[in-house]
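Coordinates in review
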Amino acid sequence: MNQDDLKALVGKKAVDWISDGMTIGLGTGSTVRYMVEALAEKIKKEHLTITGVVTSKETANLATSLGIPLKSVDEIDYIDLTIDGADEISSDFQGIKGGGAALLFEKIVAKNSKKNLWIVDQSKLTKDLGNFPLPVEVIPYGSEKIFERFEAQNFAPTFRTVEDGTKVKTDSENYIIDLHLKKIDDPFKLAKYLKQQIGVVEHGLFLDTVNTIIVGYPDGPKIFE
Ligand code: 5RP
């Protein structure tokens, strides 16, 4: 089984947590894509009434193309369950997200959810966070100044760019600065520091967020609760 097979495995498994009448937060990424496709099939087969709340334009396009009814987070009282991927999960179940540049909406949706379920292949599990570059969403104005501040902190920042070198813009028209930290000793302290920087919109540390994790292994999915 390759990595994509493991993503498909957990994506399809995750819809077991969804039942009739639920409002579901739909994350972003290649693993979530499998879940959204499986959800659309389940809705049709079992005649379910489900409302989706998306975390990106990418997922909105996919869900709409598959006929999943959507509402914005401001139109609902709460989300029953959000299913999302992750870039790194530490042994104490803290996470880094934002590899797909959707961290801001992902965090808003996660914070308004009664439960959060992450679906990952086994490669995403790690002892400590930080090997995966930590994404920080910043507003364009003053972003060079924030970048310099991150350099001074030895955070080894890079602006996320596309192939032609232009800076990636998020769904909210912001930039992403990736911090190449290698190892984050105290994720809570770092999260606090980042939130205090003027111009930082959000960071990719998802701390004390997840309730359930489904991990894809070649011999099947394993569930951590
Ligand atoms: C997007 C995310 C994704 O959930 C994360 O990058 C995992 O993606 P994938 O399932 O493609 O590996 O945080 O911002």
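Every value quoted in this text rests on a predicted model; they were computed, and no experiment measured them.

**Regarding the pattern of salt bridges**
Scanning the entire structure with this criterion turns up 12 salt bridges. Of the charged contacts in the structure, one is a salt bridge between R33 and E37, with a shortest N-O distance of 3.7 Å. Of this pair, R33 and E37 both sit in helix 2 (residues 30–46), four residues apart, which is roughly one turn of the helix. One salt bridge in this structure joins R160 and D178, with 2.8 Å as the shortest N-O distance.

**Observations regarding the site of the ligand**
The environment of the ligand is formed by 17 residues, the closest being S30, T31, D87, G98 and K124. One nitrogen or oxygen atom from the side chain of T31 is found 2.5 Å from an oxygen atom belonging to the ligand. In the environment of the ligand, an oxygen atom lies 2.6 Å from a nitrogen or oxygen atom belonging to the side chain of D87. Computed on the free molecule, the ligand has an accessible area of 380 Å², of which 92% lies beneath the protein chains in the complex. For the shell around the ligand, the residue count by class is three nonpolar, eight polar and six charged.

**Comments concerning the confidence of the model for the protein chain**
Residues with a pLDDT of 70 or more make up 100% of the protein chain, whose mean pLDDT is 98. For this predicted complex, the interface confidence score (ipTM) comes to 0.98, while the overall pTM stands at 0.96.

**Here we look at the environment of A191**
Within the secondary structure, A191 sits in helix 6 (residues 187–196). The class for A191 is buried, based on a relative accessible area of 10%. Taking the C-alpha atoms as reference points, A191 and L117, separated by 74 residues in sequence, lie 21 Å from one another. When neighbours within four sequence positions are excluded, A191 is seen to be in contact with H203, L205 and L207.

**What about helix 5 (residues 143–152)?**
Listed as buried for helix 5 are S143, I146, F147 and F150. Relative to the axis of helix 5, the buried residues are bounded by an arc of 105° and lie together on one face. Of the exposed residues in helix 5, those oriented more than 90 degrees away from the buried face are K145 and A152. At its buried positions, helix 5 is contacted by strand 7 (134–138), strand 8 (157–159), strand 9 (175–179), helix 6 and strand 10 (200–203). Count one or two residues on from helix 5 and you reach N154, which has phi positive near 60°.

About the thresholds
- Residues numbered from 1 in each chain as written.
- Predicted model: local features only at pLDDT ≥ 70, side-chain atom pairs only at ≥ 80, totals over all residues.
- Heavy atoms only, no water.
- Salt bridge = Lys/Arg side-chain N within 4 Å of Asp/Glu carboxyl O.
- Helix = DSSP H or I, 4+ residues; strand = E, 2+ residues; numbered from the N terminus.
- Near = heavy atom within 4 Å.
- Polar contact = N/O pair within 3.5 Å; in protein donor to acceptor, adjacent residues only side chain to side chain.
- Areas by Shrake-Rupley, 256 points an atom, 1.4 Å probe, with all protein chains shown as cover.
- Nonpolar A, V, L, I, M, F, W, Y, C, P; charged D, E, K, R; others polar.
- pLDDT = per-residue confidence, 0-100.
- Buried < 20%, exposed > 50% of the residue type's maximum accessible area, 1.4 Å probe, protein only.
- Contact = heavy atoms within 4.5 Å.
- Arc of directions from axis to C-beta.

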